[in-house]
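Letter by letter, the chains look like this.
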Amino acid sequence: MTTLPSFAPDIIALFSERDAPLTEVAVIQPADPFLDMAGEALRRRIFLTESETGDALCLRPEFTIPVCLDHIAKRASTPRRYSYLGEVFRQRREGANEFFQAGIEDLGEADTAAADARSVADAAALIARVLPGRAVEVVVGDQSVFEAVLAALGLPRGWQKRLARAFGSAGALEAALADLAHPPRNGVLPEPAATLVMAGEPEPLAAHIAERMAEAGISPLAGRSPLDIARRLIEKSDLRSVRLSDEALAALKDFLAIRVPLAQAAAALEDFAAKSQLSLAAALARFAARAERIAGHGLDAEGVQYDAAFGRPLDYYTGLVFEISLPGSDSPLAGGGRYDRLLTLLGAGKPIPGVGFSVWLDRLGEALEAGR
Amino acid sequence: MSVTLALPSKGRLKEQAVEHLGRAGLTVVEPEDVRRYRATLAGRDDVEVVFLSASEIARELGAGAVDLGVTGEDLLRETIADSEARTEVAAPLGFGRADVVVAVPDVWLDVDTMADLDDVAADFRARHGRRLRIATKYWRLTQRFFTAQHGIQVYRIVESLGATEGAPAAGSADVIVDITTTGSTLRANHLKVLSDGVILRSQACLVASRKQRPERDAATIAELAAALGAARGA
């Protein structure tokens, strides 16, 4: 049994001051949205059970997905801010299996720079309310700047997507870059597919693939269609003798090594773009506007770092990501980011931008105790 | 003092395990009442033999409930969360060979490697409104291979309790992770193994559970491991 942290009322007061009404989220949730969004790796880390009718249920492992699902189900108007404070349940080798989190989800705000900056400021304010006067480090990253660099380098679409997926995981990114610099040999295609691929027309190739699907008893409607396969095969074949150039690799490495105070980040990115002769104007304008907004919230400009390689390898994060930690600690007190694809993936009829953060109240409590 | 040796209770694996013990000079004396599941080794009162299913053997080794067992490495790695910490392969035995592999429909002409599958999985939801589905009974091995080793995050596992190779044609999954020996079942089902899609080359092993035990028992285990390991070449 876990008791509510003593500082919970302070956080709830802060939510109210910051126009983020507290929302109720059921403890027992359908498991599929979490597994669909975060992947099967989550399965071993959540508490799963089954309903009498065989549906997979779990104890809520986090708040963002349920808050977004509720928002979609209620067809609530936007922009709208939701705050929450409650227990989450995760299987951990170390640490308790149930602990409190609090945070704010900000849905549908069209001024994304303003919403991003406010999210960072809200998280910092929440921590400052509980740990007044304590120095913290804020690190921000941006998926969209990395994607703009990939596009400006003129990399093939498939490569851009592959590298963008690996963004935030140093190991995966390194492996993907090595693969593109030295692509593995493809298998030899059987005839008549080889000739059809050389001809480069997707439709006749798709017709051939459809015949083979029929022979194998695989429905062309259940999953990948013959045309999907044909298009990707031709694209892959077009790239078979293409290698990632040394210039592009060097530019990507230069970019990923950028780590500067946020106040200097826009200038550092301008320098990088000039040196690498890349046009990143639109992405940099958005980046600079947000950096200015963050500074406008009075956050200590030297205490906020921009790390060009910082991201989260989950496909619904689209822009800003951030973490707030005590200096020298490797478990962040707060984590947040922009997830403009999440609501669409969860079934929203129209795109709804979103940004939010979550604070680990167990870690906040430990920091409070340690500071006494 | 005695150690418990768990042997597969039925099928080809049982026969091969008993034969292998025989080659090592160890004769399994089965109980006269066939409904009993305990046996002995002739002339060895320091070893007690129990018959269990191969997956139960893996589980009991993980729990430390038996000292030694003959089971497939695939079951060992799949059944126990931290198999390296809880158990130790004392001797690979050279029979029961099978590979745990990732196989896709062979009509996926554009997919040869895990990197190709990563591409396909990433686009799947946008194109088909659901994640890529993998049919398997090897949850743990699949997750580790896809997520930890290849950085593939977005897929769903569909539990398969038999005839996994039929799942793509049945429409219940897109790809499979399954065990294969010759590959003929996969070929008959129009599936191909990815070039870097071998998750584990498995064989039957003598496995010891890691736990504190009297010196005499540890010596018995080392002796059996040496004998069974040597019998492999015989």
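See above for the structure.
**Observations concerning the pattern of salt bridges**
Enumeration over the complete set of coordinates arrives at 43 salt bridges over all chains. Residue Asp106 of chain A is joined to Arg81 of chain A by a salt bridge in which the shortest nitrogen-to-oxygen separation is 3.2 Å. Within this pair, whereas Asp106 of chain A is found in strand 5 (residues 98-107), its partner Arg81 of chain A is found in strand 4 (residues 80-89), the two being separated by 25 residues in sequence. We classify Arg81 of chain A as buried; its relative accessible area is 11%. Notably, a salt bridge pairs Asp112 of chain B with Lys236 of chain A, separated by 3.2 Å at the nearest N-O pair. Placement of Asp112 of chain B in the loop between strand 7 (98-105) and helix 5 (114-128) and of Lys236 of chain A in helix 10 (residues 226-238) is noted, with the two residues assigned to different chains. When sorted by exposure, Asp112 of chain B lands in the same class as Lys236 of chain A, which is buried. One salt-bridge network, in which partners are shared between bridges, spans Arg165, Arg224, Arg232 and Lys236 of chain A together with Asp110, Asp112, Asp116, Asp118 and Asp119 of chain B.

**Some thoughts on helix 2 (residues 54-63) of chain B**
All names here are of chain B. Buried within helix 2 we find Ala54, Ile57, Ala58, Leu61 and Gly62. Seen from one end, helix 2 has its buried residues packed into an arc of 135°, which puts them on one side. Positive backbone phi, approximately 75°, marks Gly64, located one or two places after helix 2.

**Structural notes on the interface of chain B and chain A**
Each side of the interface is counted separately: chain B has 35 residues, and chain A has 38 residues. For the chain B face of the interface with chain A, the top three residues by lost area are Val107, Leu109 and Arg156 of chain B, together amounting to 20%. Counting the contacts that link chain B with chain A gives 16 salt bridges. In terms of residue class, the side of chain B that touches chain A is made up of 16 nonpolar, 5 polar and 14 charged.

**Digging into the packing of helix 10 of chain A against helix 5 of chain B**
One way to put it is that helix 10 of chain A packs onto helix 5 of chain B with a least axis distance of 13 Å and a crossing angle of 140°. The angle between helix 10 of chain A and helix 5 of chain B places the two elements in the oblique class. For helix 10 of chain A against helix 5 of chain B, the interelement crossing comes out right-handed. Residues Asp228, Arg232 and Lys236 of chain A of helix 10 of chain A pack against Asp116, Asp119, Val120, Arg127 and His128 of chain B of helix 5 of chain B. Looking at the contact of helix 10 of chain A with helix 5 of chain B, its residues break down into 1 nonpolar, 1 polar and 6 charged.

**Quick notes on the nonpolar core**
Counting 76 residues, the largest nonpolar core has Leu163, Phe255, Tyr306 and Leu364 of chain A as its most contacted members. In terms of residue count, helix 4 (residues 112-130) of chain A provides more of this core than any other element does, 9 residues in total. Core analysis: the second largest hydrophobic core is formed by 38 residues, Ile234 of chain A together with Leu109, Phe124 and Leu132 of chain B among them.

**Focus on the environment of Glu137 of chain A**
Residues and elements named next belong to chain A. Considering the arrangement of structural elements, one finds Glu137 in strand 6 (residues 137-142). Assessed through its relative accessible area of 38%, Glu137 is described here as partly exposed. Separated by 56 residues in sequence, Glu137 and Arg81 have C-alpha atoms that sit 25 Å apart. Apart from residues lying up to four places away in sequence, Glu137 is in contact with Gly303, Glu323, Ile324, Ser325, Pro327 and Gly328.

**A few points about the pairing of strand 3 (residues 56-59) of chain A**
Remember that side chains alternate between the two faces of the sheet whenever the strand is regular. Residues and elements named next belong to chain A. Judged from the 3 bridges that link them, strand 1 (residues 28-30) and strand 3 form a sheet pairing that is antiparallel. Within strand 3, the position partnered with Ile28 by the bridge is Leu59. Strand direction decides the pairing type here: strand 2 (residues 48-50) and strand 3, joined by 3 bridges, are antiparallel. Directly across from Leu48, in strand 3, lies its bridge partner Cys58. From the end of strand 2 to the start of strand 3, which pair antiparallel, there are 5 residues, and Gly54 there has a positive phi angle of about 95°.

**Remarks on unusual backbone geometry**
Residues and elements named next belong to chain A. Look at the link from Thr78 to Pro79: it is a cis peptide, with omega at -5°. Residues Glu191 and Pro192 are joined by a peptide bond in cis, for which omega reads 5°. Tracing the backbone through its elements, the reader meets Pro192 in the loop between helix 7 (170-181) and helix 8 (193-199).

**Details of helix 11 (residues 246-256) of chain A**
All names here are of chain A. Taken together, the buried positions of helix 11 are Ala248, Leu249, Ala251, Leu252, Phe255 and Leu256. Take helix 11 and look down its axis: the buried residues cluster within an arc of 160°, on one side only. When the buried face of helix 11 is taken as reference, the exposed residues oriented beyond 90 degrees from it are Asp246, Glu247 and Lys253. At its buried positions, helix 11 is contacted by helix 5 (143-152), helix 6 (157-166), helix 7, helix 12 (262-276) and strand 8 (304-307).

**With respect to the sheet that holds strand 9 (residues 156-159) of chain B**
Residue and element names in this part refer to chain B. On the basis of which strands lie adjacent, the open sheet formed by 5 strands has the order 9-8-10-7-11 and mixed pairing. Each edge of the open sheet carries a strand with a single partner, namely strand 9 and strand 11 (191-202). Ignoring which end each strand starts from, the neighbouring axes of this sheet average 25° apart. Relative to strand 10 (residues 175-180), strand 7 runs antiparallel, the two sharing 5 bridges. Each bridged residue has a counterpart across the sheet, and for Val102 the counterpart in strand 10 is Val177.

**Points about the environment of His182 of chain A**
Residue and element names in this part refer to chain A. Locating His182 in the fold gives a position in the loop between helix 7 and helix 8. The exposure class of His182 is exposed, given its relative accessible area of 62%. For the pair formed by His182 and Asp32, sequence separation is 150 residues and the distance between their alpha carbons is 38 Å.

**Side note on the sheet that holds strand 7 (residues 259-261) of chain A**
All names here are of chain A. Pairing is mixed in the open sheet, where 8 strands are placed in the order 4-5-11-10-9-6-8-7. The open sheet has two free edges, formed respectively by strand 4 and strand 7, since each of these has just one partner strand. The sheet shows a mean angle of 20° between the axes of neighbouring strands, taken without regard to direction. Across the sheet, helix 1 (residues 8-17) lies against strand 4 and strand 5, angled at about 160° from strand 4, the strand it touches most.

**Describing the pairing of strand 4 (residues 44-52) of chain B**
All names here are of chain B. Among the 9 residues that make up strand 4, 7 are buried, leaving the element largely enclosed by the rest of the structure. Note: strand 1 (residues 3-8) against strand 4, 6 bridges, orientation parallel. Across the sheet, residue Pro8 finds its bridge partner in strand 4, namely Leu52. As defined by bridge partners, strand 3 (residues 38-41) adjoins strand 4 across 4 bridges and the pair is classed as antiparallel. Within strand 4, the position partnered with Arg38 by the bridge is Val50. Hairpin remark: strand 3 followed by strand 4, antiparallel, with 2 residues in the connecting loop; positive phi at Gly43, about 80°.

Rules used in this analysis
Residue positions are given per chain, counting from 1 as you read along its sequence in written order. To read the labels, note that chains go from A and ligands from 1, taken in the order they are written. Since the coordinates come from a predicted model, pLDDT governs what is reported: local features require at least 70, and pairs of side-chain atoms require 80 or more to be given and counted, while whole-chain, interface and lining totals use all residues. Side-chain descriptors were evaluated using all non-hydrogen atoms of the structure, hydrogens and water having been removed beforehand. One side-chain nitrogen of Lys or Arg within 4 Å of one carboxyl oxygen of Asp or Glu is enough to make a salt bridge. Helix and strand assignments follow DSSP, with helices taken as H or I runs no shorter than four residues and strands as E runs no shorter than two, numbered in order from the N terminus. Working definition: with a 1.4 Å probe on protein chains only, accessible area under 20% of the residue-type maximum means buried, over 50% means exposed, and in between means partly exposed. This arc describes the spread of directions from the helix axis toward the C-beta atoms. It only takes one pair of heavy atoms within 4.5 Å for two residues to be counted as in contact. A simple way to read buried area is as the amount of 1.4 Å-probe accessible surface that goes missing from two parts once joined, with both sides added. By the convention adopted, Pro, Cys, Tyr, Trp, Phe, Met, Ile, Leu, Val and Ala count as nonpolar, Lys, Arg, Asp and Glu as charged, and the other residues, Gly among them, as polar. Here an axis means a line fitted to C-alpha atoms, over the contact stretch when the element is a helix, while the angle between two N-to-C directions is reported on a 0 to 180 degree scale. Angular relationships are summarised with four words: roughly parallel below 35 degrees, roughly antiparallel beyond 145, roughly perpendicular across 65 to 115, and oblique for the angles in between. Crossing chirality is assigned from the near helix's rotation relative to the far helix, an anticlockwise turn below a right angle marking it left-handed and a clockwise turn marking it right-handed. Working definition of a nonpolar core: buried Ala, Val, Leu, Ile, Met, Phe, Trp, Tyr and Cys residues. They are joined through side-chain atoms within 4.5 Å. A pair of strands is treated as paired once DSSP finds two or more bridges between them.

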